[in-house]
Protein chains: 2
Amino acid sequence: MFVILVYDVKEERVAKALKICRKYLTWVQNSVFEGEITEAKLRMLKDELKGIMDETYDSVIIYKFRTKQYYERETLGIEKPSHEDFIV
Amino acid sequence: MFVILVYDVKEERVAKALKICRKYLTWVQNSVFEGEITEAKLRMLKDELKGIMDETYDSVIIYKFRTKQYYERETLGIEKPSHEDFIV
């Protein structure tokens with residue numbers, strides 16, 4: 001399946017969240033990741049994130065799509081990765 | 001169509017970008033919006049954003065889906081809007 005993951009975590013946890021997400025998905029913009037992933041790998045990603053998150057403060061939203069067939073992606077301005085490796 | 005919009009703009013432009021996006025879509029998390037929108041309204045939104053963006057620095061990604069049929073959304077941690085009105 002194709003997923004888009006966005007997180008909004010407290011500053012002190014951003015580096016850890018970024019490191020975890022980059023193991024499974026592609027970083028596309030500040031706190032935004034996307035990519036194809038299996039159910040099993042998504043479960044692992046979620047478990048790792050839960051392990052570092054403060055679930056009373058932080059927020060992670062995962063948009064899951066069974067198919068990329070009806071999907072189109074448009075960028076205004078620059079494609080971030082070309083600009084900096086990543087923003088912590 | 002259903003869209004997810006994420007922006008990464010310079011601090012001084014965040015308030016303007018937020019104001020524009022909230023006219024057309026629902027704020028769901030720091031710099032993340034979603035919602036149903038027509039092609040015409042999406043064009044208006046993009047034109048307004050282009051009017052305030054520095055396209056050599058800022059980045060806006062718009063994920064467009066013809067249908068929400070294959071779409072599932074999962075949240076870990078809190079749903080931000082319940083926590084604060086919005087974060088600038």
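Note that residues are indexed from 1 along each chain, following the sequence as it is written. Numbering of ligands from 1 and lettering of chains from A proceed in the order in which they are written. This being a predicted model, a pLDDT of at least 70 is required before a residue's local features are given, and a value of 80 or more before pairs of side-chain atoms are given or counted; all residues contribute to the totals for chains, interfaces and linings. Excluding hydrogens and water, the side-chain figures rest on all heavy atoms present in the structure.

**A word on the packing of aromatic side chains**
Cut-off, in case you're wondering: Under the pairing criterion, centres of Phe, Tyr and Trp rings, with the six-membered ring standing for Trp, must be within 6.5 Å; the plane angle then separates stacked pairs below 30 degrees from edge-to-face pairs above 60, leaving the rest tilted. The helix and strand labels rest on DSSP assignments: H or I over at least four residues marks a helix, E over at least two residues marks a strand, and numbering proceeds from the N terminus. Relative accessibility decides the category of a residue: with a 1.4 Å probe and only protein chains considered, values under 20% of the type maximum give buried, values over 50% give exposed, and everything between is partly exposed.
The full count for this structure, using the stated rule, is 3 aromatic pairs over all chains. Ring geometry for Phe65 of chain A versus Phe65 of chain B: centroids 3.9 Å apart, planes at 0°, classification stacked. Here the residue Phe65 of chain A occupies a position in strand β4 (residues 59-65), and Phe65 of chain B occupies one in strand β4 (residues 59-65), the pair thus bridging two chains. Here Phe65 of chain A and Phe65 of chain B have matching classes, each one buried. With 5.7 Å between their ring centres and 35° between their planes, Tyr7 of chain B and Phe33 of chain B make a pair best called tilted. Of the two residues, Tyr7 of chain B sits in strand β1 (residues 2-8) while Phe33 of chain B sits in strand β3 (residues 32-36), which places them 26 residues apart along the sequence.

**A word on the sheet that holds β1 of chain B**
Rules: Two strands pair under a simple rule: DSSP has to find at least two bridges between them. Axis lines are fitted through C-alpha atoms, for helices just across the contact stretch, and the angle between N-to-C directions can take any value from 0 to 180 degrees. For this analysis, residues touch if any pair of their heavy atoms sits within 4.5 Å.
With respect to topology, 5 strands assemble into an open sheet ordered β5(A)-β4(B)-β1(B)-β3(B)-β2(B), the strand pairing being antiparallel. Single-partner strands in this sheet number two, and they are β5 (71-77) of chain A together with β2 (26-29) of chain B. Sheet twist, expressed as the average angle between the axes of neighbouring strands with direction ignored, equals 20°. Where β5 of chain A and β4 of chain B come together, 7 bridges link them in antiparallel fashion. Within β4 of chain B, the position partnered with Tyr71 of chain A by the bridge is Phe65 of chain B. Of the strands in this sheet, β1, β2 and β3 of chain B are in contact with helix α1 (residues 11-24) of chain B, which crosses β1 of chain B at around 175°.

**What about the pairing of β3 of chain B?**
Residues and elements named next belong to chain B. β3 sits mainly inside the fold: 4 of its 5 residues count as buried. Of the strand pairs in this sheet, β1 and β3 are connected by 5 bridges, and their pairing is antiparallel. If you follow Val3 over to β3, its bridge partner there is Gly35. Hairpin connection between β2 and β3: a loop of 2 residues separates the two successive antiparallel strands, and Ser31 in this loop has a positive phi of roughly 60°.

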